[in-house]
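Below are the chains, spelled out letter by letter.
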Amino acid sequence: MKAKVQVMLKTGVLDPQGEAVRHALGTLGFDGVEGVRQGKVIELDLAETDAARAREAVVAMCEKLLANTVIESYEIELG
Amino acid sequence: MKAAVIVFPGSNCDRDLAVGLRRAGAEVEMVWHKDTALPPGLDIIGIPGGFSFGDYLRCGAIAAQSPITRAVVDFVHAGGHALGICNGFQVLTETGLLPGALMRNANLKFVCKTVELTVATTESVFIQAYKPGQTICLPIAHHDGNYVATPELVGELRDQDRIAFTYADNPNGSTADIAGVLSENRRVLGMMPHPERAVDPAHGGTDGAGLFTGLAQMLTTA
């Protein structure tokens, strides 16, 4: 089973990289980009075939390592 | 004073930190990250600057899962002292031994220069050689030194006198100009500036030396 984890800075945490991208887009003439948030995607290839158990395991991975929950939030997509 | 300096793949201030501690009279042992136990009889653990594990995933995130880090956490929970500098500070926040987090500098630039700091706490074994409110100059060299803390956490740190150092001129966007924080039991200090890079006149300044001599004074058992 595959899992895709999306890690983003929490709402309210200023994202300097997203801001820089927003400025660059403006410089390129893309008007009207009011906000850019940059995150990361982590793809996992799991031996587990049960979706519930897989989700439980990935949540534990996010909490322990994949995300720093002080500043980041995560979303898990199984497929 | 007996100290251990932890060495991760990608640490690059480990020897400087050992030199700083030794000059203050400490006996220093280097400990590789794959070791599972610390040397006996330690007074303090130093977690050095650098780019452990290439800063993969997040700065300090992989090092926080190293075998030796478990022993460091146990040592601290048993009341031991620890000093994390730069990447070491990032490792300590990733382990949860220190609150908050360090993220990309607000101006997105790697900042490498000497900065003015204010000694912000009034009581700590780490500031014995300084006066509260004193200004000292230490080098910084980091890309991810932007200390993030919620208003609640900042309030708590202030109330408990746990902000160790603040920047006179904030170089990285850190919340409340925070350059270093203490743990709740005041025995763990994490800081982005490098005291070990300011212990010899040839470094261009010696303001960091006092941190180590002060520690040696406080932690050396007769």
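You'll find the structure just up there.
Residues numbered from 1 in each chain as written. Chains lettered and ligands numbered in written order. Predicted model: local features only at pLDDT ≥ 70, side-chain atom pairs only at ≥ 80, totals over all residues.

A. The arrangement of the overall build of chain A in detail. Each helix and strand in chain A was counted, giving 2 helices and 3 strands. N-terminal to C-terminal, the α/β element order of chain A is β-α-β-α-β. A compact globule built from 79 residues should have a C-alpha radius of gyration of about 12 Å, whereas chain A, at 16 Å, is more than 25% larger. Within chain A, contacts between residues at least 6 apart in sequence are counted, and of these 66% link residues at least 24 apart. (Helix = DSSP H or I, 4+ residues; strand = E, 2+ residues; numbered from the N terminus. Rg over C-alpha atoms; globule rule 2.2 N^0.38 Å. Contact = placed C-beta atoms within 7 Å.)

B. Here's a closer look at the overall build of chain B. A tally of helices and strands in chain B yields 5 helices and 11 strands. Over its C-alpha trace chain B gives a radius of gyration of 16 Å, about what one expects of a compact globule, namely 17 Å for 222 residues. In terms of principal-axis extent, the alpha carbons of chain B reach across some 40 × 40 × 35 Å. Counting all 222 residues of chain B, 53% fall into the buried class. Taking as baseline every contact in chain B between residues at least 6 positions apart, the subset at least 24 positions apart corresponds to 75%. (Buried ≥ 20, exposed ≤ 12 C-beta atoms within 10 Å, placed from the backbone.)

C. Structural context of the sheet that holds strand β11 (residues 188–191) of chain B. Residue and element names in this part refer to chain B. What the 9 strands build is an open sheet, ordered β2-β1-β3-β4-β11-β10-β9-β6-β7; its pairing is mixed. Two strands lie at the open edges of the sheet, namely β2 (27–32) and β7 (135–142), each paired on one side alone. Neighbouring strand axes in the sheet, compared pairwise and without regard to direction, differ in orientation by 20 degrees on average. (Pairing = 2+ DSSP bridges. Axes fitted to C-alpha atoms, helices over the stretch in contact; angles between N-to-C directions.)

D. A look at unusual backbone geometry. All names here are of chain B. One non-glycine residue with positive phi stands out, namely D55, at about 60 degrees. Positionally, D55 belongs in the loop between β3 (44–47) and α2 (67–77). The backbone of A176 sits at a positive phi, close to 55 degrees, despite the residue not being glycine. The residue A176 is located in the loop between β9 (163–167) and β10 (178–182) in this model. Classification of A176 as partly exposed rests on a count of 17 C-beta atoms within 10 Å.

None of this, on its own, says anything about what the molecule does.
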